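Each chain, written out:
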Amino acid sequence: MGQTGGRRGPHDDPMVNSAVTEYAQSSFRYQCYAFCNKGREAGTQLHVACNKMFKALPLAAVVDDTLFCSHGGIPRYAGGVDDRLEVLQDPGFPELPVVYPRCLDPTRATLAEKQVLYAWDLMWSDPHDEDATPADTPNTHTEHGFGFNVRGGSCVSYNSTAVTTFLTNHGLSCLVRGHQERPAGARLSHNGRVLTLFSTSGYCGHSNNAAAVLFGADRTVSYITKSIG
């Protein structure tokens, strides 16, 4: 029997989905208020209950021992023993109500700090835009392939070197992720090893399509798209 499941993303974190001031009526907290016609107290209870569920969502998944699936990308790496998958697969990995890293250097982080940092990267990181000019996205990537992200703050982007290292070290072939709107709904990049899927068409009034992908047991790959036209 097949299984389905979601992956935790930034908007599954109360730090983001509680931001009514920033997201106004599109914020999840506001929508909880609007959904519950019994007043703000009921909306708050719904919001709290949903976030209890969100913190239990998996951060990533390995499919058929070959596909690595996450919302944003891969955990950062700064050399040495590559324990990223081992840390993520540890049965003792905690449920994190709020994900915000205090230590950004995995070589100096404690295990608890590393768990939060890896969770942050899985949710927030992006592949480096291969079509961008240096003025748009400065090439500040380290020798291991992690660097500047236009989202700012603690977010990183990863280039082909980072992707190849992660997939090779852990015996995987492709990263499947979301997090970024794509005009066609999907985009294959970084030497064909990063597949970005965006499942919402007409996002925020834009003209983008939506896409999904089906990986068959016979190794066939089928794309499903939804056009706004």
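It should be emphasised that the depicted structure is a prediction, and the values quoted were computed from it without experimental measurement.

## Description of the overall build of the protein
Part 1 of the argument: Along the protein, the regular secondary structure elements total seven helices and ten strands.
Part 2 of the argument: Taken over C-alpha atoms, the radius of gyration comes to 18 Å for the protein, in line with the 17 Å a tight globule of 229 residues would show.
Part 3 of the argument: Here the protein displays about 12700 Å² of accessible surface, and carbon together with sulfur accounts for 53% of that area.
Part 4 of the argument: Taking the 19 positively charged and 22 negatively charged side chains of the protein as two groups, their mean positions are separated by 6 Å.

## So, helix 6 (residues 111-124)
Part 1 of the argument: Given a rise of 1.5 Å per residue, 14 residues ought to cover 20 Å, and the 20 Å separating the end C-alpha atoms of helix 6 matches this to within 8%.
Part 2 of the argument: The complete set of buried residues in helix 6 reads Lys114, Gln115, Val116, Leu117, Tyr118, Ala119, Trp120, Asp121, Leu122, Met123 and Trp124.

## Section: the packing of helix 3 (residues 28-35) against helix 4 (residues 40-54)
Part 1 of the argument: With their axes 8 Å apart at the nearest point, helix 3 and helix 4 run at an angle of 130° to one another. If you check the angle between helix 3 and helix 4, you find them oblique. Crossing of helix 3 over helix 4 shows right-handed handedness. Each of Phe28, Arg29, Cys32, Tyr33 and Phe35 in helix 3 lies in contact with helix 4, whose residues at this interface are Arg40, Gly43, Thr44, Leu46, His47, Cys50 and Phe54.
Part 2 of the argument: Each residue belonging to the contact of helix 3 with helix 4 can be placed in one class, and the counts come to seven nonpolar, three polar and two charged.

## Notes on unusual backbone geometry
A negative phi angle is the norm for most residues apart from glycine, just as the trans form is the norm for most peptide bonds.
Part 1 of the argument: One non-glycine residue with positive phi stands out, namely aspartate 65, at about 55°.
Part 2 of the argument: Relative to the helices and strands, aspartate 65 resides in the loop between strand 1 (60-63) and strand 2 (67-70).
Part 3 of the argument: Owing to a relative accessible area of 65%, aspartate 65 belongs among the exposed residues under this scheme.
Part 4 of the argument: Positive phi outside glycine occurs at histidine 179, with the angle close to 75°.
Part 5 of the argument: Within the fold, histidine 179 resides in the loop between strand 6 (174-177) and strand 7 (186-189).
Part 6 of the argument: You can call histidine 179 buried: its relative accessible area is 13%.

## Brief notes about the state of the cysteines
Part 1 of the argument: Under the criterion given, the structure shown has zero disulfides.
Part 2 of the argument: Here cysteine 50 stays free of any disulfide, with the sulfur of cysteine 32 as its closest cysteine sulfur at 5.1 Å.
Part 3 of the argument: Between cysteine 103, a free cysteine, and cysteine 155, which holds the nearest cysteine sulfur, the sulfur-to-sulfur gap is 16 Å.

## Things to note about the side chain of asparagine 17
Part 1 of the argument: Looking at where asparagine 17 falls in the secondary structure, it is placed in helix 1 (residues 14-17).
Part 2 of the argument: The exposure class of asparagine 17 is buried, given its relative accessible area of 2%.
Part 3 of the argument: Polar contacts involving the side chain of asparagine 17 include one to the main-chain carbonyl oxygen of histidine 11, which spans 3.1 Å.
Part 4 of the argument: Setting aside chain neighbours within four positions, we find asparagine 17 in contact with His11, Asp12, Ser27, Phe28, Arg29, His47, Asn51 and Phe54.

## Quick look at the nonpolar core
Nonpolar side chains in soluble globular proteins tend to be buried together.
Part 1 of the argument: Phe68, Ile74, Phe93, Val99, Phe146, Tyr158 and Phe166 are the most contacted members of the largest nonpolar core, which totals 29 residues.
Part 2 of the argument: When residues of this core are assigned to their parent elements, the largest contribution, seven residues, is made by helix 6.
Part 3 of the argument: Judged by nonpolar contacts, the second largest core, of eight residues, contains Leu67, Val176, Leu197 and Ala211.

## Description of the pairing of strand 9 (residues 210-215)
Part 1 of the argument: Bridging between strand 9 and strand 10 (residues 221-226) involves six bridges; their strand directions are antiparallel. If you follow phenylalanine 215 over to strand 10, its bridge partner there is valine 221.
Part 2 of the argument: The antiparallel pairing of strand 9 with strand 10 creates a hairpin that spans five residues between the two strands, and arginine 219 there sits at a positive phi of about 75°.

## Comments concerning the packing of aromatic side chains
Part 1 of the argument: Taken as a whole and assessed by the stated rule, the structure comprises four aromatic pairs.
Part 2 of the argument: Pairing phenylalanine 28 with phenylalanine 54 gives two aromatic rings, centres 5.6 Å apart and planes at 55°, and the pair type is tilted. You can see phenylalanine 28 sitting in helix 3 and its partner phenylalanine 54 sitting in helix 4, a full 26 residues away along the chain.
Part 3 of the argument: For phenylalanine 28, a relative accessible area of 25% gives the class partly exposed.
Part 4 of the argument: The interplanar angle of 70° and the centroid separation of 4.9 Å between the aromatic rings of phenylalanine 68 and phenylalanine 166 together place this pair among those described as edge-to-face. Of the two residues, phenylalanine 68 is situated in strand 2 and phenylalanine 166 in helix 7 (residues 160-169); the sequence distance between them amounts to 98 residues.
Part 5 of the argument: Of the residues examined, phenylalanine 166 reaches a relative accessible area of 0% and is grouped as buried.

Cut-off values and rules
What you see as residue numbers is a count from 1 along each chain, following the sequence as written. Where local features are concerned, this predicted model is filtered to residues with pLDDT of at least 70; where side-chain atom pairs are given and counted, the filter is 80 or more; whole-chain, interface and lining totals use all residues. Side-chain figures throughout are based on the complete set of non-hydrogen atoms in the structure, without hydrogens or water. Under the scheme used here, helices are H or I runs from DSSP no shorter than 4 residues and strands are E runs no shorter than 2 residues, and both carry numbers assigned from the N terminus. Both definitions apply: the radius of gyration is a C-alpha atom measure, and the globule rule equals 2.2 Å times residues to the power 0.38. Throughout, the Shrake-Rupley method with a 1.4 Å probe supplies accessible areas, and for residues the shown protein chains are the sole cover considered. Counted charges follow a simple rule, with Lys and Arg positive, Asp and Glu negative, and His plus the chain ends left uncounted. By convention, the point assigned to a charge is CZ for Arg, NZ for Lys, CD for Glu and CG for Asp. The span expected for a helix works out to 1.5 Å for each residue beyond the first. Think of it in three bands: with a 1.4 Å probe and only protein chains considered, a residue is buried below 20% of the maximum accessible area for its type, exposed above 50%, and partly exposed in between. Axis lines are fitted through C-alpha atoms, for helices just across the contact stretch, and the angle between N-to-C directions can take any value from 0 to 180 degrees. Between 65 and 115 degrees an angle is taken as roughly perpendicular, under 35 as roughly parallel, over 145 as roughly antiparallel, and anywhere else as oblique. Left-handed describes a crossing whose near helix is turned anticlockwise from the far helix through less than a right angle; right-handed describes the clockwise counterpart. What makes two residues a contact is simply this: any of their non-hydrogen atoms within 4.5 Å. Gly falls in the polar group here, along with every residue not listed as nonpolar (Ala, Val, Leu, Ile, Met, Phe, Trp, Tyr, Cys, Pro) or charged (Asp, Glu, Lys, Arg). A pair of sulfur atoms, both from cysteines and within 2.5 Å, is called a disulfide here. What qualifies as a polar contact is a pair of N or O atoms within 3.5 Å, subject to a donor-acceptor requirement within protein and to the restriction that residues adjacent in sequence count only when both atoms come from side chains. In plain words, nonpolar cores are sets of buried Ala, Val, Leu, Ile, Met, Phe, Trp, Tyr and Cys residues tied together by side-chain atoms within 4.5 Å. Strands are labelled as partners when DSSP assigns at least two bridges between them. Ring pairs are drawn from Phe, Tyr and Trp, using the six-membered ring of Trp, whenever the two centres fall within 6.5 Å, and their geometry is named by plane angle: stacked under 30 degrees, edge-to-face over 60, tilted for the rest.

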